[in-house]
Amino acid sequence: MKLLVLGINHQTAPLAVRERLAFTPAELEGALGELARVKGVSEAAIVSTCNRTELYCNARDADAVLGWFAAQRGRPVDEVAQHLYRLEDDEASRHAFRVAAGLDSMVVGETQILGQLKDAERAARDAGSMGVLLNGLFKRAFQVAKTVRTETKIGSASVSMAAASIKLAERLFASVADCKVLFVGAGEMIELCATHFAAAQPCSIVVANRTLERAEALAGRFGGEAMLLNDISTRLAEFDIVVSSTASQLPIIGKGMVERALRARKHKPMFMVDLAVPRDVEGEVAELSDVYLYTVDDLSEIVRQGVASREGEIEAAEGLVDAGVAEFHQWVASRTLVPTIRELRDHTDRIARHELARAKKRLAAGDDPAELLERLTEQLTAKFLHAPLATLNSAAPDEQELLAAATRRLHRLPTEDNE
C-alpha cells in the first residue's frame, strides 16, 4: 500500500487557480469513479473546498494521478504541476492529520474543515472508491483532530472567516447595527456568518437562496426575511452588506447589477464578502469605487491575527499529529504482513484438518484413543516443523545467523540474553 496526496491550497495557488481546479459536489461521484479506475490507483478520495482541492489515493504512480487531475479539469499538466504539492506515505498522513486538526487552514484552529473531510470520506465510501488504506487514514485523522481539540486550546482564539468578515464591515461602517445585510446562499458558511452578524443586531437580515424553503429556515432563526436568488437583481440596492457563499459555477452578482444598485443607492458604499469558490461575485466588481469587495484570499491577513498568541498550543498540536503519524505508520506496516499471516494460518489449518481427518478414520477403525492422540501430536509437530527446519538446515552460511535470530524471535525461544 502506498499513500499519496496530490493537491493545491491557499498557500500554493491563488483563488483564480483554485476556482479552475475545484470539484463541485455534483461532480464528485463521477470523478471518484474515474480516479479509482486510473491504472495503478486502487483507492481514491477527493477533498474540495474554497481553500483546497486534494486527491487522496492508494496509488503506485503519482504522475498518472496528476495526468488524470489535469485532464479532468481541462488544464495542461504543467499549469497544474506548478501549484501542486505531492506527498507520500508518512508525509501524506502527516498532511491529512494537520488538515483535520485545522493546522493547515487559513484560519488556524478552525473546525469547518473537519466536517468537509468527513463529507469527502462519506462521498468516497458512497462511490465505492474507499478501501482499507484510506479508511484507516481518515479514521485516524478524525481521532487526531478530536485529540487536538480535547488536549489543546488551538481553536479557542481562532478568528473565523465569519468573524473576519464582520471585523472588516465594522471598519467601513460606524455601526453594523445601522446596516441591512443580505446573505446569499444557505449553507454552513452562510450560517456561520449569519450567526456572527446577527450578534451585532443589524437593521435587517435577508437570506437569498435557490430554494425558498432553505432560505426561510435559516432566516427564521435570526428573525430575518427570505427571498429567491432571482430577486437579488431588483433588491440589491437595499443592502449595505452582502455576504455570499453558494455552490454556483457561475457568478450570481455581476458588475452591471452592482452598478445599477449603486446608482439607486446614490453611491452609498456597499461592503461585499465573496466566500465562494468559484466566485459568486464577478471580479470586476472590485473596480467600482463605492464597493469594498473581499474574497477568501483577501481575508488571510485578518484571520491570521492571533496566531502568535497560540504558538504554544500549535506546538502541542503538532506533537499530537506526530504521534498520530507514528501510530498510522505502524498500522500500515502491520497491514503489509496481512497476506503472509493469512497464508500461514491457511497452511497450518490445512495440515491440522488433514491430520485430524486421518485420526478420525483410525478412531473409527478401533485404534486405541490414547495412542491415537499421541500419534496425532507427533504428526502435527512433524508437519508444522518440516518446512522451517528444512529451510534452516539448507541455509547458506551467510543466512544462518539471520534465520536463527528470526526463528528465535518468531517462536519466542530463549536467547543468550534471557536464558
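In this report, we go over the structure that sits alongside the text.

Procedures and definitions
- Residues numbered from 1 in each chain as written.
- Predicted model: local features only at pLDDT ≥ 70, side-chain atom pairs only at ≥ 80, totals over all residues.
- Heavy atoms only, no water.
- Helix = DSSP H or I, 4+ residues; strand = E, 2+ residues; numbered from the N terminus.
- Expected span 1.5 Å × (residues − 1).
- Buried < 20%, exposed > 50% of the residue type's maximum accessible area, 1.4 Å probe, protein only.
- Contact = heavy atoms within 4.5 Å.
- Pairing = 2+ DSSP bridges.
- Core = buried A, V, L, I, M, F, W, Y, C linked by side-chain atoms within 4.5 Å.
- Axes fitted to C-alpha atoms, helices over the stretch in contact; angles between N-to-C directions.
- Salt bridge = Lys/Arg side-chain N within 4 Å of Asp/Glu carboxyl O.

What follows is about helix H7 (residues 132-151). Look at H7: 28 Å from first C-alpha to last across 20 residues, which is about the 28 Å you get at 1.5 Å a residue. Every buried residue of H7 is listed here: Leu-133, Leu-134, Gly-136, Leu-137, Phe-138, Arg-140, Ala-141, Phe-142, Val-144, Ala-145 and Val-148. Where H7 is buried, its residues touch strand S1 (3-9), strand S2 (41-48), strand S3 (52-59), helix H5 (89-100), helix H6 (112-127) and helix H14 (311-336).

This paragraph deals with the pairing of S1. With 7 of 7 residues buried, S1 is to be regarded as a mostly interior element. Every second residue of S1 is oriented toward a common face, with Leu-3, Val-5, Gly-7 and Asn-9 on one face and Leu-4, Leu-6 and Ile-8 on the other, all of them buried. Two strands pair when backbone bridges link them, and S1 and S3 are joined in this way by 7 bridges, in the antiparallel orientation. Residue pairing across strands places Ile-8 opposite Thr-53, the latter belonging to S3. The pairing of S1 with strand S4 (residues 85-88) spans 4 bridges and is antiparallel. If you follow Val-5 over to S4, its bridge partner there is Leu-87.

What follows deals with the nonpolar core. One finds Leu-35, Ile-46, Leu-55, Tyr-56, Val-65, Trp-68 and Phe-97 to be the most contacted residues of the largest nonpolar core, which totals 63 residues. Considering each element in turn, this core owes the most residues, 9 residues, to H7. Setting aside residues no more than four positions away along its own chain, Leu-55 makes contact with Leu-4, Val-5, Leu-6, Phe-23, Leu-35, Ala-45, Ile-46, Val-65, Trp-68 and Phe-69.

Before going further, it helps to examine the sheet that holds S2. The antiparallel open sheet is built from 4 strands, whose spatial order is S2-S3-S1-S4. The sheet is open, and its two edges are formed by S2 and S4, each paired on a single side. Along the sheet, successive strands turn relative to each other by an average axial angle of 15°, direction set aside. Pairing analysis gives 7 bridges linking S2 to S3, with the strands arranged antiparallel. Within S3, the position partnered with Ala-44 by the bridge is Cys-57. Sheet strands in contact with helix H2 (residues 25-36) are S2 and S3, and its direction is about 150° off that of S2. Across the sheet, H7 is in contact with S1, S2 and S3; its angle to S2 comes to roughly 35°.

Following the criterion strictly, the structure yields 26 salt bridges and no others. One salt bridge connects Arg-52 with Asp-104, and the closest N-O pair in it is separated by 2.8 Å. Residue Arg-52 is located in strand S3, and its partner Asp-104 is located in the loop between H5 and H6; the two are separated by 52 residues in the primary sequence. Its relative accessible area of 7% is what places Asp-104 among the buried residues. For Asp-322, the salt bridge goes to Arg-94, with nearest N and O atoms at 2.3 Å. Pair noted here: Asp-322 is in helix H14 and Arg-94 is in helix H5, with a separation of 228 residues, a long-range link. Of the residues examined, Asp-322 reaches a relative accessible area of 38% and is grouped as partly exposed. Taken together, the shared-partner salt bridges connect Arg-52, Glu-54, Arg-98, Asp-104 and Glu-318 into one network.

Scope: geometric values only; no functional claims are made or implied.
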